[in-house]
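A closer look at the structure
So you can see what is in the structure, the chains are spelled out below.
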Amino acid sequence: EAAWLQGKVPVVTGGTGLYFKVLEDGLSPVPPIPVAVRTAWRERLKAEGAPALHQELARLAPQEAARLVPSDSQRIVRALEVLEATGKPLSAHFAAARKTSILKGADVRRLALVPPRDELYAVCDARFATMMARGAVDEVKALLAKGLAPELPVMKAIGVKPLADFLEGRLSEQDAVALAQRQTRNYAKRQMTWIRNQMADWPVVERRKQAVGALLDV
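Figured I'd write up the structure that's included with this text. All values derive from a computational prediction rather than experimental measurement. Residue numbers here run from 1 along each chain, matching the order of that chain's written sequence. Predicted model: local features are reported for residues with pLDDT of at least 70 only, side-chain atom pairs are reported and counted for 80 or more only, and whole-chain, interface and lining totals are derived from all residues. For side-chain calculations, the full set of non-hydrogen atoms in the structure is used, while hydrogens and water are omitted.

**Overview of the layout of surface pockets**
Convention followed: Every definition here rests on a 1 Å grid over the protein atoms only: cavities are sets of points where a 1.4 Å probe fits but cannot get out, pockets are open sets enclosed by protein on both sides within 12 Å along at least five of seven lines, and lining residues have some atom within 4 Å of a point. Grid points are joined across faces, edges and corners, and a volume is the space filled by probe spheres set on the points. For this classification, Asp, Glu, Lys and Arg are treated as charged, while Ala, Val, Leu, Ile, Met, Phe, Trp, Tyr, Cys and Pro are nonpolar and the rest, including Gly, are polar. Strands are runs of DSSP state E lasting at least 2 residues, helices are runs of H or I lasting at least 4, and numbering of each runs from the N terminus.
Estimated volume of the largest pocket: approximately 1,600 Å³. Lining the largest pocket are 48 residues, and of these Val12, Thr13, Gly14, Phe20 and Leu111 sit closest to its centre. Tallied by class, the residues present in the lining of the largest pocket amount to 31 nonpolar, seven polar and 10 charged. There is about 1,300 Å³ of room inside the second largest pocket. Lining the second largest pocket are 31 residues, with Leu18, Gln74, Arg75, Trp194 and Gln198 positioned closest to its centre. Where the lining of the second largest pocket is concerned, the elements lending two or more residues are α2 (17-25), α3 (35-48), α6 (73-86), α7 (90-98) and α11 (173-198). With seven residues, α11 is the largest single contributor of residues to the lining of the second largest pocket.

**Section: the nonpolar core**
Heads up, the condition is: Residues belong to one nonpolar core when they are buried, are Ala, Val, Leu, Ile, Met, Phe, Trp, Tyr or Cys, and are joined through side-chain atoms within 4.5 Å. Type-normalised accessible area, obtained with a 1.4 Å probe on protein chains alone, sets the label of each residue: buried when under 20%, exposed when over 50%, and partly exposed for intermediate values. Two residues qualify as a contact provided that any one of their heavy atoms is within 4.5 Å of a heavy atom in the partner residue.
Residues Trp41, Leu53, Leu57, Ile76 and Leu80 are the most contacted members of the largest nonpolar core, which totals 17 residues. Ranked by residue count, the leading element in this core is α6, at six residues. For Leu57, the residues in contact, after removing those within four places along its chain, are Pro62, Glu64, Ala65, Leu68, Ala79 and Leu80. Core analysis: the next-biggest nonpolar cluster, separate from the first, contains 12 residues, Phe20, Leu23, Cys124 and Ala188 among them.

**Quick notes on a nonpolar patch on the surface**
To be explicit about the condition: Any residue with relative accessible area above 30% and no salt bridge may belong to a patch, with like charges joined within 9 Å and the nonpolar Val, Leu, Ile, Met, Phe, Trp and Tyr side chains within 5 Å. Method for areas: the Shrake-Rupley scheme with a 1.4 Å probe, in which residue coverage is limited to the protein chains shown. The working definition used for a salt bridge is a side-chain nitrogen of Lys or Arg within 4 Å of a carboxyl oxygen of Asp or Glu.
Nonpolar side chains collect at one region of the surface, where Leu148, Leu152 and Val154 lie side by side and expose about 200 Å² of accessible area between them. Within the secondary structure layout, Leu152 lies in the loop between α9 (136-145) and α10 (160-167). With relative accessibility at 35%, the residue Leu152 sits in the partly exposed group.

Here it is in structure tokens:
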């Protein structure tokens, strides 16, 4: 809004597609899910598997099931939790959120920058090597000293577990780095999958110069 007031065009960049989804579609005002409901569906997922729960979702809310693949366990369970806890499908909550989205009514030009996979993976490996050179081991050591519960999100950050295993003698430094680099590449792969599935109508380019040209129509 500050950029618009100055007559400027905002350019929003990021590595996570969810940020852009929230900008355009709003943040869904789904109330907290009761622990009992969440636990029950997760137990059913363990016992029955994602395809069975997808069939259950298709019975209860066919339109919700139609937008999800039977193997997408996380989103299937989320859809079932919300449906049971609120009595409304997720799509209804999304529709309400869109009315208050930040970019409602704006002229938006979208673009996904996806380098060739081999180049992207090389950058992922180099990125973690740079993190090691800049003190990643000391950072994880300080984190472990806090005695935090392993299930907390910060303890699941990419690289934390492998470097913790190195510090505690369960992995060599070389193996810890290799594992963290693989985790980074896997994360990048999931981001590319998100772009294919959730941003399918976005133009895709491989190079930064292509991106600038596409945005400026040159």
